[in-house]
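# Structure assessment
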Amino acid sequence: MRSKLVATLAGVSTLALYSSLAVGSKYNFPEPQSIIARETYDQHIALLWICLAIFIAVFGVMFYSILKHRKSVGHKAANFHHSTTAEVVWTIIPCIILVVMALPATKTVIAMKDTSGPDITIKATGYQWMWGYDYLQGEGEGISFYSKLSTPRAQIENKEPKGENYLLEVDNRVVVPVGKKVRVIITANDVLHAWSVPALGVKQDAIPGFIRDTWFTADNPGIYRGQCSELCGKDHGYMPIVVEVMAANDYAQWVAAQTKSATIKTSMHIENK
Amino acid sequence: MAAVHGDAHGHEHDDHHPSGIMRWVKTTNHKDIGTMYLWFSFTMFMVGGFLAMGIRAELYQPGIQILEPELFNQFTTLHGLIMVFGAIMPAFVGFANWQVPMMIGAPDMAFARMNNWSFWLLPVAATMLVGSFFVPGGAAAGGWTFYPPLSAQGGIGVDLMIFSVHILGASSIMGSINIITTILNMRAPGMTLMKMPMFVWTWLITAYLLVLVMPVLAGVVTMLLTDRHFGTSFFNAAGGGDPVLFQHIFWFFGHPEVYIMILPAFGIVSEIIPTFSRKPLFGYSSMVYATASIAILSCVVWAHHMFTAGMPAVGQLFFMYATMLIAVPTAVKVFNWTATMWRGSMTFETPMLFSIGFIFLFVIGGFSGVICAIVPIDIQVQDTYYVIAHFHYVLVSGALFALFAGVYYWIPKWTGHMYSETLGKWHFWLSMFFFNMTFFVQHFLGLAGMPRRIPDYNLQFADFNMISSLGAFGFGLTQLLFLYLVIDCIRKGEKAPQMPWDGATTLEWTHLPSPAPYHTFETPPVIK
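Counting restarts for each chain, with residues numbered from 1 along the sequence as it is written. The naming scheme follows written order: chains are lettered A onward, ligands numbered 1 onward. Predicted model: local features are reported for residues with pLDDT of at least 70 only, side-chain atom pairs are reported and counted for 80 or more only, and whole-chain, interface and lining totals are derived from all residues.

Moving on: the overall build of chain B. Per the secondary structure count, chain B includes 18 helices and zero strands. Two things to know: the radius of gyration comes from C-alpha atoms, and the globule rule equals 2.2 Å times the number of residues to the power 0.38. Its C-alpha atoms give chain B a radius of gyration of 23 Å, near enough to 24 Å, the size a compact globule of 528 residues would have. Counting only C-alpha atoms and orienting by the principal axes, one finds that chain B spans roughly 70 × 50 × 45 Å. Neighbour counting defines burial: a residue surrounded by 20 or more other C-beta atoms within 10 Å of its own C-beta is buried, one with 12 or fewer is exposed, and intermediate counts give partly exposed, using backbone-placed C-beta atoms. Relative to its full complement of 528 residues, chain B shows a buried share of 61%. The numbering of helices and of strands both runs from the N terminus, where a helix is a DSSP run of H or I of at least 4 residues and a strand a run of E of at least 2.

So, in structure tokens, the structure goes:
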């Protein structure tokens, strides 16, 4: 009995260590960079623990039974086959666990939907196969550009060594200031696409003819990468999303530089609508 | 029992028992038709498996090596369609054909001729589906869910897919009407509904689900067809339609569909666990109610496939709660199986191994299912490899493992021969090992953000993809062992006794010799 307890404790602590190491590693979500991504991350970890506990409980019983209640060790079969009490108990317990799981998620869902009062609004439009961005409101209003995969064809065809950001790099990044609420209005021009940046906790389908929105507030400056997440045809794997989060004054400089060349950009911008 | 024996043998001489190819073309015998369903689905399993090997070969390394992106998309699309509609569903109908009449003491299916027709539609549909690879433009490439507007873009391959789905749907509807009628009208005297074997119960409920949702699928593909060719705009915003409407209709079919593929699996496992535990199924009535609850709940959770499509918070919360609720009856089932094993006298022949493997891995798939039900987490993992891992845990180690368990369990009754226990155990352990090697690492890929349906990926995903591909090749090869084992069993397996398993209690074991005669239960047995 004692040795079993020690073994269990050792197992649990190894797993605890493992899951703390897993932060930021390739076994888990990317390091969260927004409040929503953080909440999602924490809920996922909490759920894993709950699942692990249930798993150990259920399969502990089952494997104990498999070891002890086998014919080869001479165990004789009992003949019980019904217990209303047991059925009621093991219906109610999962219900309680589910309520515990659902409560924090409910709060996050409501927070995710609150796109009101943004500092900056950007429209992202999915095309086969690139993204178009229009800064609609806030600092940088009027900026507009396309964002295409910048990985050279030769790397895809294995003629050149692949770079670190293979398939996750674009010619024009979406630039946003740190700590500001950014509302992203998402639509598409041809087929479904999905605008997704895991570190910022956003993913929203882009639907032709319809507008959807989502929001994020980035915690730290940095470059965050995502990919189109709704099958959109042959180059679905080749339309990444790259968001660069800048400090406020860097962002102001970026806006100034963009606005200076705005005339040229506008004449280049082909309106599809 | 003796009377039944005599009956079966006495009839054998004046039986009209045709042979040659026409026996199979014209047969109305539930056993022949069941056999054809099973071989058909195994063939489709091989075709779908070949496509999976192609997908995994391309994903073995980053960069484009074998499949150009367009062909890659055709492979993923057809892999999904073939496995769902060609392999898993017909295999369960094959089991229903063989087992339902024998387990309820009926001589055959209620509509024997329609039974023939519902089978022979399948090869036609499958030919159209597989043949679409060779038409101009190639096969459909919009994913097995064929969301418009993308699916409006494809060529004639998409039309072939639509017609194929129509035909498969018609076949399924006929099959399920037949199963419902058989179960409700042809049970042996004394076999009340609450005395039916669990496998029969689960199929009865599944058949109702099929009748409910297959017409919806037929409707949605027809709408897609008219959008493509007849100028309607159901799913085209420019004409006043809505692409998201397609997703709602599709998943109203699609979510019950996943339970269509798992409820009969529950039934098979619920037969096998008590047999090899030598103990009656624990909580029979709660198992029946749990199955029915799962079926009913499965009809009100469809939009959890669409959390990233955008819907009001109230909608997301409703579908999240409803989805989570399904965990309750599913958990009840797992607890009942565990309680059945508890204090039994277990042996671990191949059917039992596959059943325990089923419970073990299906529960992992169930956990990732609950995790996917949580909206914020789902938004992170939607359309990533996490979802791929999740549904392969419920469909491969769920439905497919249960099918294997069922084949090993009943093959002595079907063929009159025992399979090789050694090879069966090899098949189980190799499948178990390679399955987890293939799909467990895909959870990590998904969490790290690798989208599904992409032919090429960033280097950070390279090592897990390589492991996954190697596992997939191993899993594919292991299934050839299964084919060899089945042929070996049919050709020169040991003679099977009437009751090769100690704990079996259903009619096919207690009343019928092995192999089961061509015609059985012409006089129904009386159930006390």
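The subject of this paragraph is the overall build of chain A. The secondary structure content of chain A amounts to six helices and 10 strands. Counting over 273 residues, chain A shows a buried share of 37%. Within chain A, residue pairs in contact and separated by at least 24 positions form 64% of the contacts whose partners lie at least 6 positions apart. By the convention adopted here, residues are in contact when the distance between their C-beta atoms, placed from the backbone, does not exceed 7 Å.

Quick look at the sheet that holds strand S5 (residues 181-188) of chain A now. Residue and element names in this part refer to chain A. Any two strands with at least two DSSP bridges between them are considered paired. Pairing is mixed in the open sheet, where five strands are placed in the order S3-S2-S1-S5-S8. The strands lining the two open edges of the sheet, one partner per strand, are strand S3 (144-147) and strand S8 (212-217). For this sheet, the mean angle separating the axes of adjacent strands, direction not counted, is 25 degrees. One ladder, built from four bridges, connects strand S2 (residues 130-137) with S3; its direction is antiparallel. Here an axis means a line fitted to C-alpha atoms, over the contact stretch when the element is a helix, while the angle between two N-to-C directions is reported on a 0 to 180 degree scale.

This part takes up helix H9 (residues 243-260) of chain B. Residues lying three or four places apart along an α-helix face the same way, a consequence of the helix completing one turn every 3.6 residues. All names here are of chain B. For H9, which comprises 18 residues, the first-to-last C-alpha distance of 26 Å matches the rise-based estimate of 26 Å (1.5 Å per residue) to within 8%. The largest bend in H9 comes to about 30 degrees, at Trp 251. The element H9 is extensively covered by neighbouring structure, given that 14 of its 18 residues are classed as buried. Expected helix span is taken as 1.5 Å per residue step, with the number of steps being one fewer than the number of residues. The angle between axes fitted to the seven-residue stretch ending at a residue and the seven-residue stretch beginning at it gives the bend at that residue.

On to the sheet that holds strand S10 (residues 240-246) of chain A, then. Residue and element names in this part refer to chain A. Within the open sheet, the three strands sit side by side as S4-S10-S9. Their pairing is mixed. If you trace the sheet from one side to the other, it starts and ends with strand S4 (174-177) and strand S9 (222-227), each paired once. Each adjacent strand pair in this sheet contributes to an overall mean axis angle of 25 degrees, direction not counted. Two strands pair when backbone bridges link them, and S4 and S10 are joined in this way by four bridges, in the parallel orientation. Paired with Pro 177 across the strands is Met 246, a residue of S10. Together, S4 and S10 form the strand contacts of helix H5 (residues 248-260), whose direction differs from that of S4 by roughly 135 degrees.

Attention shifts here to helix H3 (residues 84-113) of chain A. In this model, H3(A) (30 residues) spans 43 Å end to end at C-alpha, consistent with the 44 Å of a helix rising 1.5 Å per residue. By the burial criterion, the buried members of H3(A) are Glu87(A), Trp90(A), Pro94(A), Leu98(A), Met101(A), Ala105(A), Thr108(A), Val109(A) and Met112(A). Each element contacted by the buried residues of H3(A) is listed here: helix H2 (35-68) of chain A together with helix H11 (284-297), helix H12 (313-341) and helix H14 (375-381) of chain B.

Attention shifts here to unusual backbone geometry. Residue and element names in this part refer to chain B. With an omega dihedral of 5 degrees, the bond running from Pro 148 to Pro 149 counts as a cis peptide bond. Within the secondary structure layout, Pro 149 lies in the loop between helix H5 (112-131) and helix H6 (150-153). In this structure, the amide linkage connecting Ser 514 to the following residue, Pro 515, adopts the cis form with an omega of -5 degrees. Mapped onto the secondary structure, Pro 515 falls in the segment after helix H18 (507-510). Although it is not a glycine, Phe 146 sits at a positive phi angle of roughly 30 degrees. Within the fold, Phe 146 resides in the loop between H5 and H6. Despite not being glycine, Arg 343 has its phi angle at roughly 55 degrees, a positive value.

For the rest of this paragraph, the subject is the interface of chain A and chain B. Listed by partner, the interface residues are 76 residues for chain A and 73 residues for chain B. Every element with two or more residues in the side of chain A that touches chain B is listed here: H2, H3, strand S7 (202-206) and S9 of chain A. For the side of chain A that touches chain B, the element with the most residues is H3(A), which contributes 16 residues. Classifying every residue of the side of chain A that touches chain B by side-chain character gives 37 nonpolar, 23 polar and 16 charged. Three categories are distinguished: nonpolar for Ala, Val, Leu, Ile, Met, Phe, Trp, Tyr, Cys and Pro, charged for Asp, Glu, Lys and Arg, and polar for the others, with Gly belonging to the last.

The subject of this paragraph is the nonpolar core. Defined on buried residues, the nonpolar core groups Ala, Val, Leu, Ile, Met, Phe, Trp, Tyr and Cys residues joined through C-beta atoms within 7 Å. Core analysis: the biggest nonpolar cluster contains 250 residues, and Ile88(B), Val200(B), Val269(B) and Ala405(B) have the highest contact counts within it. Looking at this core, the element that brings in the most residues is helix H15 (residues 385-415) of chain B, giving 22 residues. There are two domains that each give this core at least three residues, and those are domain 1 (31-113) and domain 2 (120-268) of chain A. Leaving out residues up to four positions away in the same chain, Val200(B) has contacts with Val100(B), Met103(B), Ile104(B) and Ile183(B). Boundaries between domains were set according to an automatic or database domain assignment.

Below, the discussion takes up the domain arrangement of chain A. Residue and element names in this part refer to chain A. Splitting chain A by domain gives domain 1 (31-113) and domain 2 (120-268). Centre-to-centre, using C-alpha coordinates, domain 1 lies 39 Å away from domain 2. Facing eight residues of domain 1, the contacting portion of domain 2 comprises 10 residues. Among the residues forming the side of domain 1 that touches domain 2, the class breakdown is four nonpolar, three polar and one charged.

Okay, the pairing of strand S1 (residues 120-127) of chain A next. Two faces, one strand: in a regular strand the side chains alternate between the faces of the sheet. All names here are of chain A. The element S1 is largely enclosed, with a buried count of six among its eight residues. As paired elements, S1 and S5 share seven bridges and run parallel to each other. Each bridged residue has a counterpart across the sheet, and for Lys 123 the counterpart in S5 is Ile 185. Between S1 and S2, which follow one another and run antiparallel, lie two residues.

Attention shifts here to the environment of Tyr146(A). All names here are of chain A. Its place among the elements puts Tyr 146 in strand S3. Tyr 146 sits 33 residues away from Gly 179 along the chain, and the two C-alpha atoms are 24 Å apart. With near-sequence residues (within four places) excluded, Tyr 146 lies in contact with Met 130, Gly 132 and Asn 172.

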